[in-house]
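These are the residues of each chain, in order.
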Amino acid sequence: MVTVDLNTQDVYNLIAGIPDPEIPVITIKDLGILRDVKLVDDTYTVTITPTYTACPAMGMIEDQIKEILSNHGIDKVKVELTYTPAWTTDWLSQEAKAKLKNYGIAPPNHSSCTKLFSTAEVVVCPQCNSRHTSLISRFGSTACKALYKCDNCKETFDLFKCH
Amino acid sequence: MTTKDATYNYAIRLGDNALILGHRLSELCSRGPILEEDLALTNVALDMIGRAQALLKYAAELEGKGHTEDDIAYRRAEINYHNHLLIEQPNGDFAHTIARQLYLSVFEYLFFTELEKSKDATLAAIASKTIKEVKYHMQHAIDWTLRLGDGTVESHKRMQKGLNDLYMYTGELFEMDHIDTYLLHQHIAVDTLSLKAKWQSEIEKVLTEATLSLPEDTYMQTGSKKGVHTENLGHILSEMQYLQRAYPDAKW
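> Any chance you could explain the sheet that holds strand S1 (residues 34-40) of chain A here in plain terms?
Pairing between the strands of a sheet comes from backbone hydrogen bonds, and it takes one of two forms, parallel or antiparallel. All names here are of chain A. Pairing is mixed in the open sheet, where three strands are placed in the order S1-S2-S3. Whereas interior strands pair on both sides, the edge strands pair on one side only; in this sheet they are S1 and strand S3 (77-81). Across the sheet, the mean angle from the axis of one strand to that of its neighbour is 20°, orientation sign disregarded. Inspection of the sheet shows S1 paired to strand S2 (residues 43-48) by six bridges, in the antiparallel sense. Bridged to Asp-36 within S2 is Thr-47. Here helix H3 (residues 58-71) sits on the sheet in contact with S2 and S3, set at roughly 155° to S3.

Given below as C-alpha cells:
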C-alpha cells in the first residue's frame with residue numbers, strides 16, 4: 001500500500017504528459033482534451049473532452065489516466081466526458097502548433113472557425129514552407145485532419161483542421 | 001407524458017438518425033468510388049456513430065433502467081426505431097448517396113443550429129459539438145452536387161435521378177407530432193416546421209448552381225415517428241444486430 005499525499009495539481013501534472021494516441025508528439029494537455037481534475041470526497045474526478053464526437057482515442061486515454069494514477073497509488077479515479085464547452089483548435093498553444101509542424105502536420109493556422117467554409121485559406125506546407133498547396137480531400141486519416149498536397153515539393157501532408 | 005419521457009423519445013429519434021445513417025455510410029467502407037471518398041464517407045459515418053453514442057447514452061440515462069447505449073442500439077425491434085425514412089434509404093449509386101447527404105446535411109445544419117439553444121443542457125451541448133461536424137458533411141455534399149450536376153451528361157442525369165427518387169422522403173424531416181410540440185413549448189425541441197422554407201431555398205440555391213432542378217412537389221412518405229418504416233430498415237437491423245442476437249453480451 002502506497003500512501004499518497006498529492007493535491008489535484010500534482011495529479012493534473014502526472015497525467016498532463018499523456019501523449020495523444022494518434023499524434024504522439026503532442027499531449028492531452030497540449031490538445032486541450034484534459035479539462036479539469038477535482039477531488040470529490042476521496043475520488044479524483046478527471047474531466048476530458050473529445051476532439052470530435054466519435055474520437056476513438058477516448059477509451060485509451062481514460063485507461064492511461066487510470067494506469068498512471070494507479071502506479072502512483074491512486075486507485076479511486078473517475079474519468080468523466082464532457083461536451084461543453086465544445087472542443088476547439090483555439091485551445092492549441094503555439095508550442096503545440098510548432099510540435100505539430102515539426103511532426104509533418106500543418107497546424108490550424110487561424111483561430112476563428114466561425115466561417116462556414118474556408119476553402120480560400122492558405123495552408124503552408126510543413127515540409128518546405130511553400131504557400132502553394134492544394135486540398136486533396138477534406139477528410140483525412142483521422143477525423144481531425146484533411147489531406148493536402150504541396151505544389152512545390154510535391155509531398156502530400158495532413159492539415160490539422162480548424163475546428 | 002412527463003418532460004423526461006418526452007425527452008427520452010426525442011433523444012431516441014435523434015440518436016436513431018445518427019445510428020442508422022452511420023451504419024448506411026459504413027457500408028461504403030472500402031467501396032468508395034475513389035480512395036479519398038472512401039475516407040470521406042467513412043469519416044462522416046464515424047461522426048454519426050459518435051453522435052449516436054452520445055444521444056443514446058443520454059436516452060439510457062433518462063430511461064433509468066440501467067441500460068447502456070449499446071443495449072438501446074442493438075436490442076430494439078424495428079417498430080421501436082424512429083429514424084427518418086430518408087436515412088434508411090439504400091446508398092444506390094454515388095449520386096444517390098450524395099443526394100441523400102445533401103438533403104439531410106442541409107436540414108441538420110439548420111436543425112442543430114436551433115437545438116444549440118435548447119433549454120435541455122445535454123441536448124444543447126451535443127448540438128454545439130455536432131454543428132461543427134455537420135458543416136463538413138454539408139460542404140462535402142454541396143461540393144459533389146456541384147461536381148456531378150455540372151459535370152458530364154451522365155453524372156448530371158444520375159444526380160437529378162437521385163434527387164428525384166429521394167424527394168418524397170424529405171417532407172417527414174419537418175413534421176411535428178405531439179412529442180415535438182410538447183417539448184417545443186418547454187423550449188427543449190426545435191420547431192422543424194419553421195425550417196422548411198429556409199431548407200428549400202438553401203437546396204434550390206445549390207441545385208441552381210449545379211444546373212439541377214428541385215424535384216416537383218409530390219406525395220410525401222411518412223411514418224417513422226410511429227415506428228412505421230420502409231422495408232429497408234429491417235434489412236439494416238438484421239445485419240447490424242446479428243452479432244448481439246446470436247451471441248448476447250459478446251465481448252472480445
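Further notes follow.
> What is the right way to look at unusual backbone geometry in this model?
Negative phi characterises most residues that are not glycine, and trans characterises most peptide bonds. Here the bond from Thr-84 of chain A into Pro-85 of chain A is cis, since omega is -15°, no more than 30 degrees from zero. Positive phi outside glycine occurs at Lys-154 of chain A, with the angle close to 70°. With respect to the element layout, Lys-154 of chain A can be found in the loop between strand S6 (145-150) and strand S7 (156-160). One non-glycine residue, His-187 of chain B, lies in positive phi territory at about 60°. Along the polypeptide, His-187 of chain B turns up in the loop between helix H8 (178-185) and helix H9 (196-209).

> Whenever I open this one, the packing of aromatic side chains confuses me. Can you help?
Each pair of aromatic rings is reported with the distance of its centres and the angle of its planes. Counted under the stated rule, the structure contains 11 aromatic pairs over all chains. Taking 5.8 Å as the distance between ring centres and 65° as the angle between the ring planes, the aromatic pair formed by Phe-139 of chain A and Tyr-136 of chain B counts as edge-to-face. With Phe-139 of chain A in the loop between strand S5 (133-137) and S6 and Tyr-136 of chain B in helix H6 (residues 121-149), this residue pair bridges two chains. Taking the relative accessible area as the measure of exposure, Phe-139 of chain A reaches 2% and is therefore buried. In this structure an aromatic cluster arises from ring pairing among Tyr-103, Phe-107, Phe-111, Phe-112, Tyr-167, Phe-174 and Trp-199 of chain B. Sitting over the face of the ring of Trp-91 of chain A, Arg-35 of chain A holds its NZ or CZ atom 3.7 Å from the ring centroid. Here the basic side chain of Arg-76 of chain B rests over the ring of Tyr-81 of chain B, its NZ or CZ set 4.1 Å away from the ring centre.

> Teacher, can you tell me more about the domain arrangement of chain A here?
By a widespread convention, an interface's size corresponds to the accessible area lost as its parts come together. Residue and element names in this part refer to chain A. Segmentation of chain A into domains returns domain 1 (8-81) and domain 2 (89-160). If you average the C-alpha positions of domain 1 and of domain 2, the two centres end up 27 Å apart. Taken together, the contacts link 11 residues of domain 1 with 12 residues of domain 2. For the pairing of domain 1 and domain 2, the buried interface totals around 1,100 Å² over both sides, and the portion due to carbon and sulfur atoms is 71%. Of all residues in domain 1, the largest losses of buried area upon contact with domain 2 belong to Ile-23, Val-25 and Asp-30, amounting jointly to 42% of the total for that side. If you look at where domain 1 meets domain 2, you find one salt bridge. Between Asp-30 and Lys-99 there is a salt bridge, with its nearest N and O atoms 2.7 Å apart. The tally of links from domain 1 across to domain 2 stands at one residue pair in polar contact (both at pLDDT 80 or more). When the residues that make up the side of domain 1 that touches domain 2 are grouped by side-chain class, the tally is six nonpolar, two polar and three charged.

> Please clarify how the interface of chain A and chain B should be interpreted in this entry.
Each partner contributes to the interface: chain A provides 23 residues, whereas chain B provides 23 residues. Counting the contacts that link chain A with chain B gives one salt bridge. The partner of Arg-138 of chain A in a salt bridge is Asp-143 of chain B, and the shortest N-O contact between them spans 3.0 Å. Our count for the chain A to chain B interface comes out at seven residue pairs in polar contact (both at pLDDT 80 or more). Class assignment for the residues of the side of chain A that touches chain B results in 12 nonpolar, nine polar and two charged.

> Hey, could you run me through the pattern of salt bridges in this one?
Two side chains with opposite charge may pair up if their charged atoms get near one another. As enumerated under the stated definition, the model contains 22 salt bridges over all chains in all. Salt bridges here are not isolated pairs; linked through shared partners, they connect Arg-13, Asp-177, Asp-180 and Lys-225 of chain B.

Scoring rules and cut-offs
- Residues numbered from 1 in each chain as written.
- Chains lettered and ligands numbered in written order.
- Predicted model: local features only at pLDDT ≥ 70, side-chain atom pairs only at ≥ 80, totals over all residues.
- Heavy atoms only, no water.
- Pairing = 2+ DSSP bridges.
- Helix = DSSP H or I, 4+ residues; strand = E, 2+ residues; numbered from the N terminus.
- Axes fitted to C-alpha atoms, helices over the stretch in contact; angles between N-to-C directions.
- Contact = heavy atoms within 4.5 Å.
- Phe/Tyr/Trp six-rings, centres within 6.5 Å; stacked < 30°, edge-to-face > 60°.
- Buried < 20%, exposed > 50% of the residue type's maximum accessible area, 1.4 Å probe, protein only.
- Lys NZ or Arg CZ within 6 Å of the ring centre and 35° of its normal.
- Domains from an automatic or database assignment.
- Buried area = accessible area lost by both parts, 1.4 Å probe.
- Salt bridge = Lys/Arg side-chain N within 4 Å of Asp/Glu carboxyl O.
- Polar contact = N/O pair within 3.5 Å; in protein donor to acceptor, adjacent residues only side chain to side chain.
- Nonpolar A, V, L, I, M, F, W, Y, C, P; charged D, E, K, R; others polar.

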